[in-house]
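Residues per chain are reported as follows:
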Amino acid sequence: MHRIKAFFQFCSGVDPLVLKRCPTDHQKYVGIGATVFFTGVLAFISSAYAIWTVFGSVVASLFFGLIWGLMIFNLDRYIVSSMKSRGSFGRDLIVALPRLGLAVLLAIVIAKPLEMKIFETEIEAELVLMEQELYKEQEDRVRDRYQPAITAAQQQIVGLKSEIDSLRVLRDAAVLMALQEADGTGGSMRRNLGPIYRAKKAEADRMQGEFADLEQRNLALIQAQEAQIANLTDQESTALAQMGKTELSGFAARLEALNRRAEHSQAIWLANLFIMFLFIAIECAPILVKLISYRSPYDFVLHKHELGFELSHRQRQALLTNATRRTIRYDTEVGTYRTQKAIIAEKQLIDHHLQQEVEKRKGQQTTWQQVLRGLFPA
């Protein structure tokens, strides 16, 4: 039992040496550490399921799930351990806001794969519909590839048949007019085979010849178009037969299926929302506990320890700063004084040599330039 408590205290990121001096805080940090630990466990389960939906491998799921769970555990432990109560709720809240934002983000990442596992049955049903819609979309694309050419050929066949029918009507009318002229039921209303009949008969024969030529030509074109339609229909059937049905089983497809089910079902939408809130509450619980709790003995002892270290650091820094300033001042003032004295000594030496040279050259006619050259030879 003691080892379990020590482990959970480690998960909370607490300093064991400081905590030993605060026995009343042991249970508090055991609870916080347990929350952090089980959040990491849920992250492991969530990640393992997500990886399994992608790769379908148990080994890969366990391996990457363990890495993800440890990473979430480490982040949660850092977030909780970096929260320090200073006795001011406003200041503590400002410090906690970035950590709360990160905790909410982690809760959403953890919750989504588990939501998909909870609603797995509904997702599978929606995936079937999505596969059917995708197959229908692919089928429509294949048909759109061939249908315009088939429709154009059919329209051309209709036009060719319409030409034949139109010319047939004209031919039948010419033949009827010739027969009516012959039996006296139309035209001149006289029964005879005179020149009027022969003219109408010749027109009917001409129309018959044109009709025969047009019919022969158009029927050949109609057969060609029908052969093309048959060829396009065969190609379309072959393409549809070769088109495989896409199986949707990946993580993104399942996420899309869950969102679609939530859009059409208020119950699923509410369940998703409450599950998300539950994980957010679990993830934010340690931070909120530390935020709303009064300063405990652990906080005071830790603050005293950190303050002592800070003051010691400032003292050492001040001593080092003062020593550095004294050294700089000493070097500066001594160097300045030494330089001044050297200049004075150099001036006196020059004056002495100059006086000797003047005494030496007394009585000689010489210029000051020569005197200086004697003192300072090139």
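Bear in mind the structure is a predicted one, so any value in this text is a computation, not a measurement.

Caption draft 1: Just the packing of aromatic side chains, in detail. Taken as a whole and judged by the stated rule, the model has seven aromatic pairs. Their ring planes at 45° and their centres at 6.4 Å tell us that Phe 8 and Phe 38 sit as a pair that is tilted. A residue pair is termed long-range when its members are at least 10 positions apart, and Phe 8 in helix α1 (residues 2–11) and Phe 38 in helix α3 (residues 26–55) qualify at 30 residues. Classification of Phe 8 as buried rests on a relative accessible area of 14%. A relative accessible area of 46% means that Phe 38 is categorised as partly exposed. Arranged with centres 5.3 Å apart and planes meeting at 75°, the rings of Phe 63 and Phe 64 form a pair that is edge-to-face. Overall, Phe 63 belongs to the partly exposed group, its relative accessible area being 48%.

Caption draft 2: Structural view of the environment of Cys 11. Assignment of secondary structure puts Cys 11 in helix α1. The exposure class assigned to Cys 11 is buried, which follows from its relative accessible area of 0%. Between the alpha carbons of Cys 11 and Ile 32 there is a distance of 7.9 Å; along the sequence they are 21 residues apart. Setting aside its immediate chain neighbours within four residues, Cys 11 contacts Gly 33, Val 36, Phe 37, Phe 73 and Arg 77.

Caption draft 3: Quick peek at a nonpolar patch on the surface. Residues Trp 269, Leu 270, Phe 274 and Phe 277 make up a contiguous nonpolar surface patch of roughly 430 Å² in combined accessible area. Mapping Leu 270 onto the fold places it in helix α9 (residues 266–292).

Caption draft 4: Seen up close, the packing of helix α8 (residues 251–264) against α9. Where α8 meets α9, the axes come as close as 5 Å, and the angle between the chain directions of the two elements is 120°. If you check the angle between α8 and α9, you find them oblique. As α8 packs across α9, the resulting crossing turns out to be left-handed. Where α8 abuts α9, its residues Leu 258, Arg 261, Ala 262 and His 264 lie against Gln 266, Ile 268, Trp 269 and Asn 272.

Caption draft 5: Main features of the side chain of Ser 46. Mapped onto the elements, Ser 46 comes out in helix α3. A residue is classified by how much of its surface remains accessible, and Ser 46, at 1% relative accessible area, is buried. Setting aside chain neighbours within four positions, we find Ser 46 in contact with Val 109, Ile 110, Pro 113 and Leu 114.

Caption draft 6: Examining the confidence of the model for the chain more closely. Summarising the model, the chain shows a mean pLDDT of 79, and 87% of its residues fall at 70 or more. The secondary structure element of the chain with the lowest average pLDDT is helix α11 (residues 368–375), at 58, and the one with the highest is helix α4 (residues 58–81), at 84.

Caption draft 7: Spatial organisation of the pattern of salt bridges. Tallied over the entire structure, the rule returns 14 salt bridges. Two residues, Glu 126 and Arg 260, come together in a salt bridge whose shortest N-O distance is 2.8 Å. Taken together, the residues span a long stretch of sequence, with Glu 126 in helix α6 (residues 120–183) and Arg 260 in helix α8 at a distance of 134 residues. Glu 126 gets classed as buried once you look at its relative accessible area, which sits at 5%. Relative accessible area serves as the criterion here: at 17%, Arg 260 is assigned to the buried category. Salt-bridge contacts for Glu 236 lead to Arg 143; the nearest nitrogen and oxygen are separated by 3.0 Å.

Caption draft 8: Quick peek at the side chain of Asp 76. With respect to the secondary-structure elements, Asp 76 resides in helix α4. Judged by its relative accessible area of 5%, Asp 76 is buried. Not counting the four nearest positions on each side in its chain, Asp 76 is found in contact with Val 36, Thr 39, Leu 106 and Glu 283.

Caption draft 9: Broad picture of the nonpolar core. Within the largest apolar cluster, 31 residues are counted, with the highest numbers of intra-cluster contacts made by Ile 123, Leu 127, Leu 258, Phe 279 and Ile 287. Put simply, the parts of the chain that give this core at least two residues each are α3, α4, α5 (89–118), α6, α8 and α9. Not counting residues up to four positions away in its chain, the partners in contact with Leu 127 are Leu 248, Ala 253, Arg 254 and Ala 257. With 20 residues, the next largest nonpolar core counts Ala 153, Leu 160, Ile 164 and Ala 174 among its residues.

Reading the values: rules and limits
Residues numbered from 1 in each chain as written. Predicted model: local features only at pLDDT ≥ 70, side-chain atom pairs only at ≥ 80, totals over all residues. Heavy atoms only, no water. Phe/Tyr/Trp six-rings, centres within 6.5 Å; stacked < 30°, edge-to-face > 60°. Helix = DSSP H or I, 4+ residues; strand = E, 2+ residues; numbered from the N terminus. Buried < 20%, exposed > 50% of the residue type's maximum accessible area, 1.4 Å probe, protein only. Contact = heavy atoms within 4.5 Å. Patch = residues over 30% accessible without salt bridge, like charges linked within 9 Å, V, L, I, M, F, W, Y side chains within 5 Å. Areas by Shrake-Rupley, 256 points an atom, 1.4 Å probe, with all protein chains shown as cover. Salt bridge = Lys/Arg side-chain N within 4 Å of Asp/Glu carboxyl O. Axes fitted to C-alpha atoms, helices over the stretch in contact; angles between N-to-C directions. Parallel < 35°, antiparallel > 145°, perpendicular 65-115°, else oblique. Left-handed = near helix turned anticlockwise from the far one by under 90°. pLDDT = per-residue confidence, 0-100. Core = buried A, V, L, I, M, F, W, Y, C linked by side-chain atoms within 4.5 Å.

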